[in-house]
Amino acid sequence: MKNLLLEIGVEELPASYVSSARDDITEIASEKLKEVGLKSLEPHCLGTPRRLVLFIKDISEKQDDKKLKVQGPPHDKAFDKDNKPMPAAIGFAKKFGLSVNALKVEETKSGKYVFAEKIEKGRQTAELLKDLIPQLIKSISFPKIMRWDDSNVRFARPIRWLMCLYGDEVIPVKFGNIKAGNITYGHRFLAPEAIKFKRADIDEYKKSLSNAFVIVEQNERKKEIKRKLVFILNKYNGSSDPDFDRMLLDTVTDLVEYPNVLEGTFPEEFLDVPDIALEAAMKSHQKYFPVKDEQGLLTNKFVFVSNIKGSESSIIRGNERVLNARLADAKFFWDEDRKTSLKERAKQIMEAKNAHQFGTLPKRIRAIERLAKVVNKNVGTDPKILKRICRLCKADLGTHMVEEFPELQGEIGGEYASECSIPKEVSNGIACHYYPRFSEDKLPNTKTGSVVSISDKINAIVSHVIENENAITGSGDKFALRRQAIGILRIIIESEYDINLENIISECIKLYKIDEDEQEKVFRLVIDFFKQRLKNYLLSAGHYRYDFVDAAINTSSFEPTKKYKILEALFEVSKSDNFESITTSFKRISNILKQARERGIDFIYFNKRKLVEPEEKELAKVFLDISKSVNKLIKKKEYRKAFSQIISLRKPLDAFFDKVMVMDENHALRNNRLAFLQEIENMFSQLANFSYVVVEK
């Protein structure tokens, strides 16, 4: 067993490329080793902006030998009646380097055949790695790749060196014009000299690079940055566990090789600009951490992570100059934008004569306003407030601030609304109507904001599908429609709104001038799209079985909150002793009805007076009582009790199937019984489609 240490030395990679490449390399390495049959411990990938490192401990030194068994010609073609070899047997044996006597004869389904058995020696790992490593490097995926020399190989950034050690052996891997050796390099500025290694020892490797001002282990870099960051933030807010942007911490971790965490200051006059604009200038552009005081108010301090040590005062002054220029821009945009009121901006958008100036934005705003009225029927907010938010929610798209900081859409509009003395509920609704913007983002903090958010997102999904159905069926997600659908579902479910999405989607489609067939096609596409998103959401939300999720989703109407609560209830009642039995009964009912329909049998009306057998009369009596109870419980949203009522049908249902012949020769009896079973199936289906439930016993 030997270790493998591979290092790909590159020009500085973007932070997002580093993190994704580490995951890619780990996965690809595991797959490649399995493909060639090499045993090892799990691959471990490290990475900084200048190097991607793969370490695999204890790789077997060669493949296992394989015993090959190859079928040859039929026995009667290989040997004559006296069992002497004929040319077919001689040629077959020669092909595998065997004597004719070494061939074996075995009986198969097709008769007697000749077989050759041979041991194929496993290849040496060092030899295999020469082919595997270039394939691995080539397989790493990046958003963008480039060529940099005449070799025509591609990578995210130019590769400057390769180091590949297997035990104490250098594997002379070639990628483009670069040939691997046993040399790496330290920090670009602090220790750029070459470092030579004799063996694939990860501890020695990490220690040597640490001495050369490179912390190659990303978790160690992150831990060091966090420790220093918390120390500085604690000075100003007094908290031992201060709040800071965790995603930004991940980003800066992959921007540096040797983190130096420093503190800077900017002029207090910039604090007149809204906090969200200042934080956007610091975080999105400069990757700086804002500093807040004990009251949670923004101070004129910031924390940044430098990649060099020494001359700290010069480094701080340089970063302060850069940030001051950014903040001066933000202040200029803030002052300029306020010269035109938000109401006036909204009016300019709606009255725009120049088509390319605001594109289809006026149509979008009108659609949001009409949809919001439909959504609001199930939410119940003030329609006047709602209308004002719809009219003003996109007005900030024409501002300098949004042009410079697109991520401030909505939020900065809320700030401009407050500056215009627009009521707080309206400004809050404008500010939060884009929420949630990503999977873990916060939800709108007002009902009106929620209504506008749902309306805006549904309109975006429907309009894109009408324009091009591949917007949701393709593998990519150019317009973030999946994210918007999850956002809609989160708002509805987590806020417990009783909203039927089918109604909203149908109303949205009607806003567009398309024929009825196209409307139906778009409706089905969008509903199926939402069902898949809801399934993914519910599966990731907890401990729910996939078949329970399918059972809850695949019923009539599309009410996300109801389906979520039904799923919770289904999970609880599944622990009942009678659950599997009642599930089996439902499947039996469904199969009988399905077969009857396939035979063209009509069973429309159920008449309890036409029941004959005692068991079906008893079942009807119990069913009619339970059915009324279930309907009441569903209206009261007491789904667990409703399930319990249905499960109590087990004994009369079992007796019915034991004693009653549904498909009776008397067609009147048969059709009435089928109609009766249809009634029972309908009651079940109000809650869940039990045909999806897997009966484990």
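Here we summarise the structure given alongside this text. What you see is a predicted model, and the numbers here were worked out from it, not measured in a lab. (Residues numbered from 1 in each chain as written. Predicted model: local features only at pLDDT ≥ 70, side-chain atom pairs only at ≥ 80, totals over all residues. Heavy atoms only, no water.)

## Looking at unusual backbone geometry
Backbone torsion omega between Y435 and P436 reads -15°, so that peptide bond is classified as cis. Tracing the backbone through its elements, the reader meets P436 in the loop between α16 (424–432) and α17 (447–467). Not every positive phi belongs to a glycine, and F213 is a case in point at roughly 65°. Structurally, F213 can be placed in the loop between α5 (202–211) and α6 (218–237). (Helix = DSSP H or I, 4+ residues; strand = E, 2+ residues; numbered from the N terminus.)

## Concerning a positive patch on the surface
Residues K608, R609, K628, K632 and K636 make up a contiguous surface patch of positive charge. Tracing the sequence through the fold places R609 in the loop between α24 (579–598) and α25 (614–635). (Patch = residues over 30% accessible without salt bridge, like charges linked within 9 Å, V, L, I, M, F, W, Y side chains within 5 Å. Areas by Shrake-Rupley, 256 points an atom, 1.4 Å probe, with all protein chains shown as cover. Salt bridge = Lys/Arg side-chain N within 4 Å of Asp/Glu carboxyl O. Lys, Arg positive; Asp, Glu negative; His and termini not counted. Charge placed at Lys NZ, Arg CZ, Asp CG, Glu CD.)

## Some thoughts on the pattern of salt bridges
Counted under the stated rule, the structure contains 47 salt bridges. The residue K222 makes a salt bridge to D250 at a minimum N-O spacing of 2.7 Å. You can see K222 sitting in helix α6 and its partner D250 sitting in helix α7 (residues 246–253), a full 28 residues away along the chain. Residue classification places K222 among the partly exposed residues on the basis of a relative accessible area of 31%. Where salt bridges share partners, they join E11, E12, R160 and R188 into one cluster. (Buried < 20%, exposed > 50% of the residue type's maximum accessible area, 1.4 Å probe, protein only.)

## Re the packing of aromatic side chains
Inspection of the entire model under this criterion finds 25 aromatic pairs. When the ring of W334 is compared with that of Y416, the centres are 5.1 Å apart and the planes differ by 20°; the resulting orientation is stacked. Of this pair, W334 sits in helix α9 (residues 312–337) while Y416 sits in helix α15 (residues 411–419), and the two are 82 residues apart along the sequence. Judged by its relative accessible area of 4%, Y416 is buried. For the pair F586 and F690, a centre-to-centre distance of 5.6 Å together with 50° between the ring planes defines the contact as tilted. Linking F586 in helix α24 with F690 in the segment after α28 (667–685), this pair joins segments that are 104 residues apart in sequence. The exposure classification of F586 matches that of F690, with both residues buried. By the ring-pair criterion, three or more aromatic residues cluster together here, those being F548, F579, F586, F643, F684 and F690. Sitting above the plane of the F115 ring, K69 keeps its charged end 5.3 Å from the centroid. Geometry around F244 places R246 over its ring, the cationic atom sitting 3.9 Å from the centre. (Phe/Tyr/Trp six-rings, centres within 6.5 Å; stacked < 30°, edge-to-face > 60°. Lys NZ or Arg CZ within 6 Å of the ring centre and 35° of its normal.)

## A short note on helix α20 (residues 501–510)
An α-helix turns once every 3.6 residues. As a result, residues three or four positions apart point the same way. Turning to α20, its buried residues are L501, I504, I505, C508 and I509. Considered in projection along α20, the buried side chains sweep an arc of 135° and stay on one side of the axis. With a side-chain oxygen positioned 3.0 Å from the backbone nitrogen of E502, the residue opening α20 is N500. (Arc of directions from axis to C-beta. Polar contact = N/O pair within 3.5 Å; in protein donor to acceptor, adjacent residues only side chain to side chain.)

## Observations concerning the sheet that holds strand β5 (residues 104–108)
With antiparallel pairing, the three strands of this open sheet are ordered in space as β4-β6-β5. Taken across any chain shown, the strands that pair with only one partner, and hence form the sheet edges, are β4 (66–74) and β5. Across the sheet, the mean angle separating the axes of adjacent strands is 40° when strand polarity is ignored. Looking at chain direction, β4 and strand β6 (residues 111–120) are connected through seven bridges and run antiparallel. Within the sheet, the bridge partner assigned to K67 lies in β6 and is I119. (Pairing = 2+ DSSP bridges. Axes fitted to C-alpha atoms, helices over the stretch in contact; angles between N-to-C directions.)

## A look at the environment of Q286
Residue placement: Q286 occurs in the loop between α8 (275–285) and β14 (289–292). Note on Q286: relative accessible area 17%, which makes it buried. C-alpha of Q286 to C-alpha of F304: the two residues are 18 residues apart in sequence and 8.5 Å apart in space.

## Quick word on the pairing of strand β2 (residues 44–48)
Burial analysis of β2 places four of its five residues in the buried class, the great majority of the element. As paired elements, β2 and strand β3 (residues 51–59) share five bridges and run antiparallel to each other. Across the sheet, L46 pairs through a bridge with V53, a residue of β3. The antiparallel hairpin formed by β2 and β3 contains two residues in its connecting segment.

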